[in-house]
Amino acid sequence: MAETTNTPVTVLGLGAMGQALAATLLKGGRPTTVWNRTSGKDFDLVTAGAVGATSVADAVQAGGPIIVVLFDHASVHETLDPVAGDLSGRQVINLTSTAPGEARELAAWAAGHGIDYLDGGIMAVPPMIGQPGASILYSGSRTVYDEHRETLELLAAAEYFGDDAGLASTYDFALLANMYSMFAGFMHGAAMMRSVGVSASAFAERATAWVSAMAQMLPAYGQIIDGGDYTQPIQSLAFHKAALDAINRATRDAGVTVDFVAPIKNLIDRQVADGHGAQEFARTIEELV
Ligand code: FVH
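Residues numbered from 1 in each chain as written. Predicted model: local features only at pLDDT ≥ 70, side-chain atom pairs only at ≥ 80, totals over all residues. Heavy atoms only, no water.

Looking at an unreviewed UniProt entry, one finds the chain named NAD(P)-dependent oxidoreductase, with Nocardia colli as its source organism. Of the chain, the UniProt comment under Sequence similarities (unreviewed entry) reads exactly: "Belongs to the HIBADH-related family." (UniProt positions renumbered as here; feature names shortened; annotations may be inferred.)

Asks: Is there a simple way to explain the site of the ligand in this structure?
Replies: Around the ligand sit 22 residues, and of these Met17, Asn36, Thr38, Lys41 and Ser97 come closest. One of the backbone N or O atoms of Met17 is found 2.9 Å from an oxygen atom in the ligand. Separating an oxygen atom of the ligand from a backbone N or O atom of Phe71 is a distance of 3.0 Å. Protein coverage of the free-state accessible area of the ligand, which is 900 Å², stands at 75%. Of all the elements in the fold, those that place two or more residues in the shell around the ligand are helix H1 (16–27) and helix H4 (73–80). Residue composition of the shell around the ligand, grouped by class: 10 nonpolar, 9 polar and 3 charged. (Near = heavy atom within 4 Å. Polar contact = N/O pair within 3.5 Å; in protein donor to acceptor, adjacent residues only side chain to side chain. Areas by Shrake-Rupley, 256 points an atom, 1.4 Å probe, with all protein chains shown as cover. Helix = DSSP H or I, 4+ residues; strand = E, 2+ residues; numbered from the N terminus. Nonpolar A, V, L, I, M, F, W, Y, C, P; charged D, E, K, R; others polar.)

Asks: Whenever I open this one, the sheet that holds strand E1 (residues 9–12) confuses me. Can you help?
Replies: Consider a sheet: its strands pair through backbone hydrogen bonds, and that pairing is either parallel or antiparallel. One open sheet holds the 8 strands; their spatial order is E3-E2-E1-E4-E5-E6-E7-E8, and the pairing between them is mixed. Since the sheet does not close on itself, it has two edges, and those belong to strand E3 (51–52) and strand E8 (157–160), each with one partner. Summarising the sheet, strand E5 (residues 91–94) and strand E6 (residues 116–123) pair through 4 bridges and their orientation is parallel. Its bridge partner lying in E6, Gln91 is registered against Asp116. Along the sheet, helix H6 (residues 100–112) contacts E5 and E6; its crossing angle with E6, the most-contacted strand, is approximately 155°. (Pairing = 2+ DSSP bridges. Contact = heavy atoms within 4.5 Å. Axes fitted to C-alpha atoms, helices over the stretch in contact; angles between N-to-C directions.)

Here it is in structure tokens:
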């Protein structure tokens, strides 16, 4: 069925993210029905024109796609299992963060109940929803994605990766893993700078410029890894071992624990001990898979 701006949408889950999504749908003119386990969270949305449903069964009667944005995989089942019969022939767009295996399990569960299932990974925090810079990665049902593309684009830039429902989640968590290492590095550096009286805010300015410059290395690492040849190093594992040894000494001198750098140092140490010291640093990936 072709989507129109009159296509109704249901949002199940009104945590910080669900509220942001529903508010954006309303602003985009979509007739929006909302439900939340704990009552009261729909007040602002209902004031803005949403229909507040008192049960999941009532919420899904509104028609149109059902956007699910709950805490985790278990809460999705707790919410949808009792209404599985009502969902037969309907379209579910699950934006709850679920691991790839969990997304695939939900897709199989949905298929078993005649539900068309699209999984999504939100690459944004709630205030970014509906703003430039927000993106949502999708995989699973191409039909659901294509039919509701305009509505999905209201929420965030939308990208579809394929019919494997676990793909979007794999991208999502791979990017989050990247992000957490970057944040961890910042905490580590800020702790070191505190030991010499430099504020975290001042360090943040410098770290932002440095991390942005270093991020330019990623395409080169990508090419080396894809080529699988680590014999022409940009910088060798032995070089990085010396750097990490020095970082460890500097960290201890600053009275800071090495918790955040220890894993990468251990990984490099192992590769050097295994005789790969002359090879490219990107070879560390081979220790991970
Ligand atoms: N907020 C963020 O920055 C991130 C950005 C990236 C994607 N995540 C994921 O989005 C999902 C929802 O996140 P959220 O920020 O809305 O989370 P909360 O504010 O904690 O709200 C959680 C909602 O889930 C409901 N809920 C929890 N357990 C159950 C259950 N067993 N049955 C039904 N509903 C449940 C909860 O309801 P209540 O506590 O108000 O009754 C909230 O509506 C999440 O996967 C993030 O990882 C957000």
